[in-house]
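Listed below are the residues making up each chain.
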Amino acid sequence: MLTNTLALLTFCLVVALTFSLAAVATGTSTDLPRSALPGRLVHSLVPIVAGHITGATAAHDRALKLLPERHQVTGQLGMLVTMVGYTGTGLYLLFGS
(Lines give C-alpha, C1' and ligand atoms only; values in the text may rest on other atoms or scores of the structure.)
Protein backbone atom coordinates (compact mmCIF):
# COMPACT_ATOMS: atom_id res chain seq x y z
CA MET A 1 0.00 0.00 0.00
CA LEU A 2 2.85 2.38 0.81
CA THR A 3 4.39 1.69 -2.60
CA ASN A 4 1.14 2.65 -4.35
CA THR A 5 0.88 5.84 -2.32
CA LEU A 6 4.47 6.80 -3.12
CA ALA A 7 3.89 6.05 -6.80
CA LEU A 8 0.80 8.28 -6.82
CA LEU A 9 2.64 11.10 -5.07
CA THR A 10 5.52 10.79 -7.53
CA PHE A 11 3.08 10.94 -10.44
CA CYS A 12 1.42 14.04 -8.97
CA LEU A 13 4.80 15.72 -8.56
CA VAL A 14 5.77 14.88 -12.16
CA VAL A 15 2.47 16.33 -13.44
CA ALA A 16 2.90 19.48 -11.35
CA LEU A 17 6.49 19.95 -12.45
CA THR A 18 5.87 19.38 -16.15
CA PHE A 19 2.78 21.62 -16.08
CA SER A 20 4.69 24.38 -14.32
CA LEU A 21 7.59 24.15 -16.77
CA ALA A 22 5.25 24.20 -19.76
CA ALA A 23 3.33 27.18 -18.34
CA VAL A 24 6.52 29.13 -17.66
CA ALA A 25 7.72 28.38 -21.20
CA THR A 26 4.55 29.96 -22.60
CA GLY A 27 5.20 33.39 -24.03
CA THR A 28 3.28 36.35 -22.70
CA SER A 29 2.74 39.72 -24.25
CA THR A 30 1.54 41.44 -21.09
CA ASP A 31 3.20 42.69 -17.95
CA LEU A 32 2.39 39.36 -16.29
CA PRO A 33 5.62 37.61 -15.30
CA ARG A 34 6.13 34.08 -16.57
CA SER A 35 6.47 32.78 -13.02
CA ALA A 36 2.81 33.73 -12.38
CA LEU A 37 1.48 31.68 -15.31
CA PRO A 38 1.25 28.27 -13.60
CA GLY A 39 -1.07 29.72 -10.96
CA ARG A 40 -3.16 31.47 -13.61
CA LEU A 41 -3.48 28.37 -15.80
CA VAL A 42 -3.92 25.63 -13.18
CA HIS A 43 -7.72 25.92 -13.34
CA SER A 44 -7.55 24.16 -16.70
CA LEU A 45 -5.37 21.28 -15.49
CA VAL A 46 -7.10 20.21 -12.28
CA PRO A 47 -10.50 19.26 -13.81
CA ILE A 48 -8.83 17.37 -16.64
CA VAL A 49 -6.63 15.28 -14.35
CA ALA A 50 -9.39 14.71 -11.79
CA GLY A 51 -11.86 13.71 -14.51
CA HIS A 52 -9.37 11.37 -16.13
CA ILE A 53 -8.51 9.64 -12.87
CA THR A 54 -12.18 9.29 -11.90
CA GLY A 55 -13.23 7.98 -15.32
CA ALA A 56 -10.36 5.54 -15.67
CA THR A 57 -10.89 4.18 -12.15
CA ALA A 58 -14.64 3.77 -12.67
CA ALA A 59 -14.16 2.04 -16.03
CA HIS A 60 -11.49 -0.29 -14.68
CA ASP A 61 -13.57 -1.23 -11.62
CA ARG A 62 -16.61 -1.90 -13.81
CA ALA A 63 -14.57 -4.09 -16.14
CA LEU A 64 -13.28 -6.12 -13.20
CA LYS A 65 -16.86 -6.77 -12.06
CA LEU A 66 -18.17 -7.64 -15.54
CA LEU A 67 -15.37 -9.77 -16.97
CA PRO A 68 -14.66 -13.34 -15.93
CA GLU A 69 -11.56 -13.67 -13.75
CA ARG A 70 -9.39 -15.24 -16.45
CA HIS A 71 -10.16 -12.36 -18.87
CA GLN A 72 -9.89 -9.42 -16.50
CA VAL A 73 -6.59 -8.28 -17.99
CA THR A 74 -6.87 -9.40 -21.61
CA GLY A 75 -10.50 -8.31 -21.80
CA GLN A 76 -9.45 -4.69 -21.31
CA LEU A 77 -6.78 -4.63 -24.01
CA GLY A 78 -9.22 -3.76 -26.80
CA MET A 79 -10.48 -0.76 -24.86
CA LEU A 80 -6.91 0.26 -24.07
CA VAL A 81 -5.99 0.28 -27.77
CA THR A 82 -9.16 2.23 -28.58
CA MET A 83 -8.47 4.87 -25.91
CA VAL A 84 -4.86 5.27 -27.07
CA GLY A 85 -6.20 5.71 -30.61
CA TYR A 86 -8.67 8.36 -29.44
CA THR A 87 -5.89 10.18 -27.60
CA GLY A 88 -3.59 10.08 -30.62
CA THR A 89 -6.38 11.31 -32.90
CA GLY A 90 -7.25 14.11 -30.50
CA LEU A 91 -3.63 15.24 -30.30
CA TYR A 92 -3.34 15.10 -34.10
CA LEU A 93 -6.44 17.28 -34.44
CA LEU A 94 -5.24 19.66 -31.75
CA PHE A 95 -1.80 20.22 -33.24
CA GLY A 96 -2.93 19.99 -36.86
CA SER A 97 -5.18 23.04 -36.65
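Values in this document were obtained by computation on a predicted structure and should not be read as measured data.

Q: So, the packing of helix α1 (residues 2-25) against helix α2 (residues 37-66): which residues are in play, and what are the values?
A: Look at α1 against α2: their axes get within 10 Å of each other, and the N-to-C directions meet at 135°. By the angle class used here, α1 and α2 are oblique. Two packed elements cross with a definite hand, and for α1 against α2 that hand is right-handed. Counting all contacts with α1, which are made through Val15, Phe19, Ser20, Ala23 and Val24, the residues of α2 involved are Leu37, Pro38, Leu41, Val42, Leu45 and Val49. When its residues are assigned to classes, the contact of α1 with α2 shows 10 nonpolar, one polar and no charged.

Q: Can you tell me about the confidence of the model for the chain, naming the residues and giving the values?
A: Mean pLDDT over the chain works out to 86, with 99% of the residues at or above the 70 mark. Ranking the elements of the chain by mean pLDDT puts α2 last, at 86, and helix α3 (residues 77-96) first, at 89.

Conventions and cut-offs
Residues numbered from 1 in each chain as written. Predicted model: local features only at pLDDT ≥ 70, side-chain atom pairs only at ≥ 80, totals over all residues. Heavy atoms only, no water. Axes fitted to C-alpha atoms, helices over the stretch in contact; angles between N-to-C directions. Helix = DSSP H or I, 4+ residues; strand = E, 2+ residues; numbered from the N terminus. Parallel < 35°, antiparallel > 145°, perpendicular 65-115°, else oblique. Left-handed = near helix turned anticlockwise from the far one by under 90°. Contact = heavy atoms within 4.5 Å. Nonpolar A, V, L, I, M, F, W, Y, C, P; charged D, E, K, R; others polar. pLDDT = per-residue confidence, 0-100.

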